[in-house]
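Read off the chains here:
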Amino acid sequence: MAEALLELDLLEGIGLQDLPGSLVRDEYFAKSNFEKFVTFYIGEMLFGVPADEVAEVVHPFRVTPLPNMPPNLIGITAVRGEVVAVLGLKQAVGARAGAAIVKEKLIVLNPKGSKMQMAFPVDKMHEIVLLAEKDISPTRGGTPSFVCGLANLNVGNLAIIDAEGLPDLLDN
């Protein structure tokens, strides 16, 4: 699969992907269902979330803590005039809090089936990846409850986040 995606990248770079005879695009994409994932690092761990559930990626805003918050809720912030809950995935996965990270971003989600926007800080953005359904394996024991699948990338293992399951972090 990696070779085919690399070939697609090369084709896109020279504008040949739209040719009717593109065997890579026609054959490879016809055989699999693909989904785009926005990937990022929390600590040393690589995570991804479905791209269609990402509203935007922004520089972190000031987060206001609330009294008696659940442990995995950092607080709330305003994004484009909307109040957004900011979740602490770093705490939920047990990543160590370090010094301020220059490349930190805030991923704002609009999960399917939820009217509540939520966000979480990440240490560093990685890239957008295209994964076939067959490339995603089920989770193993010891995986956080909001992780719904695993995939192998050339940079390591990718834990796929179930955005709809993130509000469950507030119950812990």
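Below you will find a few notes about this structure. Everything numeric in this text was worked out from a predicted model, so none of it was measured.

1. Some thoughts on the sheet that holds strand 4 (residues 73-79)
Here comes step 1: Ordered in space as 3-6-7-5-4, the 5 strands form an open sheet in which the pairing is mixed. Across the chains shown, the open sheet's two edge strands, defined by having one partner strand only, are strand 3 (54-58) and strand 4. The mean angle between the axes of side-by-side strands here comes to 30 degrees, regardless of whether they run parallel or antiparallel.
Here comes step 2: With 5 bridges connecting them, strand 6 (residues 105-109) and strand 7 (residues 118-122) associate as antiparallel partners. Across the sheet, Leu106 pairs through a bridge with Pro121, a residue of strand 7.

2. Quick notes on the pattern of salt bridges
Here comes step 1: Tallying each qualifying case throughout the model produces 2 salt bridges.
Here comes step 2: For the salt bridge of Arg80 with Glu56, the shortest nitrogen-to-oxygen distance reads 2.9 Å. On the criterion of sequence distance, the pair formed by Arg80 in the loop between strand 4 and strand 5 (82-87) and Glu56 in strand 3 is long-range, its members being 24 residues apart.
Here comes step 3: We classify Glu56 as buried; its relative accessible area is 17%.

3. Things to note about the nonpolar core
Here comes step 1: Ranked by internal contacts, the top residues of the largest apolar core, which has 25 residues, are Phe40, Leu109, Phe120 and Leu166.
Here comes step 2: Contributions of two or more residues to this core are made by strand 1 (34-42), strand 2 (45-50), strand 5, helix 3 (89-93), strand 6, strand 7, strand 9 (147-153) and strand 10 (156-161).
Here comes step 3: Aside from chain neighbours lying at most four places away, what touches Leu166 is Leu87, Leu89, Leu109, Met118, Phe120, Phe146 and Ile161.
Here comes step 4: In this structure, Phe37, Leu46, Leu131 and Ile160 belong to the second largest nonpolar core, which totals 9 residues.

4. Side note on the pairing of strand 10
Here comes step 1: One ladder, built from 3 bridges, connects strand 2 with strand 10; its direction is parallel. Looking at strand 10, one finds that Gly48 is bridged to Ile160.
Here comes step 2: Where strand 9 meets strand 10, 6 bridges bridge the pair, whose relative direction is antiparallel. Paired with Leu153 across the strands is Gly156, a residue of strand 10.
Here comes step 3: In textbook terms, the turn of a hairpin is the stretch between consecutive antiparallel strands, and for strand 9 and strand 10 this stretch comprises 2 residues.

What counts, and at which threshold
Residues numbered from 1 in each chain as written. Predicted model: local features only at pLDDT ≥ 70, side-chain atom pairs only at ≥ 80, totals over all residues. Heavy atoms only, no water. Pairing = 2+ DSSP bridges. Helix = DSSP H or I, 4+ residues; strand = E, 2+ residues; numbered from the N terminus. Axes fitted to C-alpha atoms, helices over the stretch in contact; angles between N-to-C directions. Salt bridge = Lys/Arg side-chain N within 4 Å of Asp/Glu carboxyl O. Buried < 20%, exposed > 50% of the residue type's maximum accessible area, 1.4 Å probe, protein only. Core = buried A, V, L, I, M, F, W, Y, C linked by side-chain atoms within 4.5 Å. Contact = heavy atoms within 4.5 Å.

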